[in-house]
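Given next are the chains, with one letter for each unit.
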Amino acid sequence: MTQTGGPSDIVQRHAEIESGRLPEMLGVSIVERIHIERYRFAATVLRDGAVLDIASGIGYGTNMLSQEARVAHITGVDVSPEAIAKAKGSYSSAKLTFQLVDGKRLPFDDGSFDTVVSFETVEHTADRPAFLSELRRVLRDDGKLIISTPNKRYHSFGKPNPWNPFHTVEYYPEEFLALLKGTFRSVEFWGGQEFLDNNMKDLLRYNWTEFRYYNFDHHPVLAPLAQHLKQWKRAVAGPSRSSQAPPDPASVYRRAAVVPWVEGREPFTMVAVCAK
């Protein structure tokens with residue numbers, strides 16, 4: 001994909017990198033780690049048999065799951081022709097298939113899969129109940145859905161419209177739980193990334209990051225000013241700033257891991273395991 005430099009192009013590129021649709025994503029350490037940890041978690045809770053990976057991107061996570069002995073076959077689907085082409089060119093296995101799908105109506109028979117994986121997808125859809133019903137339809141009677149979505153509290157500060165222009169909606173934990181329980185028999189909540197104390201400091205810190213990214217960092221006028229300010233701050237800080245030790249990998253892994261739900265706190269991203 002060619003980057004033209006306009007704000008909408010840059011934000012689109014971020015969305016594609018964030019979703020794993022471009023190979024450059026694998027060079028973004030924390031984002032890469034978050035996605036990998038989601039798939040590692042899925043490998044521990046999926047049911048034996050056939051797996052469907054919704055919005056599989058460039059396929060690295062789908063390929064990870066294909067290497068699990070419990071997976072008989074896995075199908076990765078995505079709306080992006082570029083992503084599917086990259087996935088097919090990168091990974092090849094008798095247990096692995098990639099397919100271009102629009103996502104509105106899955107081209108699979110009822111009860112085709114033992115597990116469906118859907119990471120950071122539902123918030124991009126226009127009709128969430130219909131989307132979840134379609135995922136349920138292709139699951140076998142004892143099948144599982146493994147799904148994740150951002151926590152609205154730390155991504156949009158409770159706004160009706162998310163800061164991220166590619167999200168049609170975001171949910172608080174109680175809202176996401178109610179949505180899932182409207183379609184699935186049981187729902188088990190987990191936390192993706194770190195759990196936060198739900199205090200004003202965390203709320204402001206994380207929402208400012210989201211707001212700044214979409215409203216300043218890619219604004220045609222404000223973005224260059226912000227870049228000049230960063231360069232000035234680096235110059236004032238001197239060489240000691242650049243000589244600081246890189247983040248501890250173990251700390252990055254802890255921040256990215258999927259962990260059991262912590263009562264009284266909320267995670268940056270919600271992960272749920274649902275039974276049909």
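Details of the structure are given in the entry above.
Residues numbered from 1 in each chain as written. Predicted model: local features only at pLDDT ≥ 70, side-chain atom pairs only at ≥ 80, totals over all residues. Heavy atoms only, no water.

Caption draft 1: Local environment of the packing of aromatic side chains. Within this structure, the stated rule accounts for seven aromatic pairs. Centroid distance Phe 189 to Trp 261: 5.1 Å. Interplanar angle 35°. Geometry classified as tilted. Residue Phe 189 is located in strand 6 (residues 186–196), and its partner Trp 261 is located in the loop between strand 7 (258–260) and strand 8 (266–275); the two are separated by 72 residues in the primary sequence. A relative accessible area of 23% places Trp 261 in the partly exposed class. Members of the aromatic cluster, connected to one another through ring pairs, are Tyr 171, Phe 176, Phe 189 and Trp 261. (Phe/Tyr/Trp six-rings, centres within 6.5 Å; stacked < 30°, edge-to-face > 60°. Helix = DSSP H or I, 4+ residues; strand = E, 2+ residues; numbered from the N terminus. Buried < 20%, exposed > 50% of the residue type's maximum accessible area, 1.4 Å probe, protein only.)

Caption draft 2: Layout of the side chain of Ser 80. For Ser 80, the position within the fold is in the loop between strand 2 (71–78) and helix 4 (81–90). Judged by its relative accessible area of 13%, Ser 80 is buried. At 3.0 Å, the side chain of Ser 80 forms a polar contact with the backbone nitrogen of Ala 83. (Polar contact = N/O pair within 3.5 Å; in protein donor to acceptor, adjacent residues only side chain to side chain.)

Caption draft 3: Molecular detail of the nonpolar core. Leu 52, Val 116, Leu 132, Leu 145, Ile 147, Phe 176 and Leu 180 are the most contacted members of the largest nonpolar core, which has 28 residues in total. Breaking this core down by element, the ones donating at least two residues are strand 1 (49–54), strand 4 (113–119), helix 5 (128–137), strand 5 (139–150), helix 7 (173–181), strand 6 and strand 8. If near-sequence neighbours (up to four positions away) are discounted, Leu 145 is found in contact with Val 116, Ser 118, Leu 132, Leu 135, Leu 139, Phe 184, Ala 272, Val 273 and Cys 274. Judged by nonpolar contacts, the second largest core, of 21 residues, contains Phe 41, Ala 42, Leu 65 and Val 71. (Core = buried A, V, L, I, M, F, W, Y, C linked by side-chain atoms within 4.5 Å. Contact = heavy atoms within 4.5 Å.)

Caption draft 4: Region of interest: helix 7. Taken together, the buried positions of helix 7 are occupied by Pro 173, Phe 176, Leu 179 and Leu 180. Buried residues of helix 7 fall within an arc of 125° about the axis and therefore sit on the same side. Of the residues in helix 7, the exposed ones pointing more than 90 degrees away from the buried face are Ala 178 and Lys 181. (Arc of directions from axis to C-beta.)

Caption draft 5: Region of interest: the side chain of Thr 149. Counting through the fold element by element, Thr 149 comes out in strand 5. Take Thr 149: its relative accessible area is 0%, and that puts it in the buried class. A polar contact is formed between the side chain of Thr 149 and the side chain of Glu 123, at a distance of 2.8 Å. Setting aside its immediate chain neighbours within four residues, Thr 149 contacts Glu 120, Val 122, Glu 123, Phe 176, Thr 269 and Met 270.

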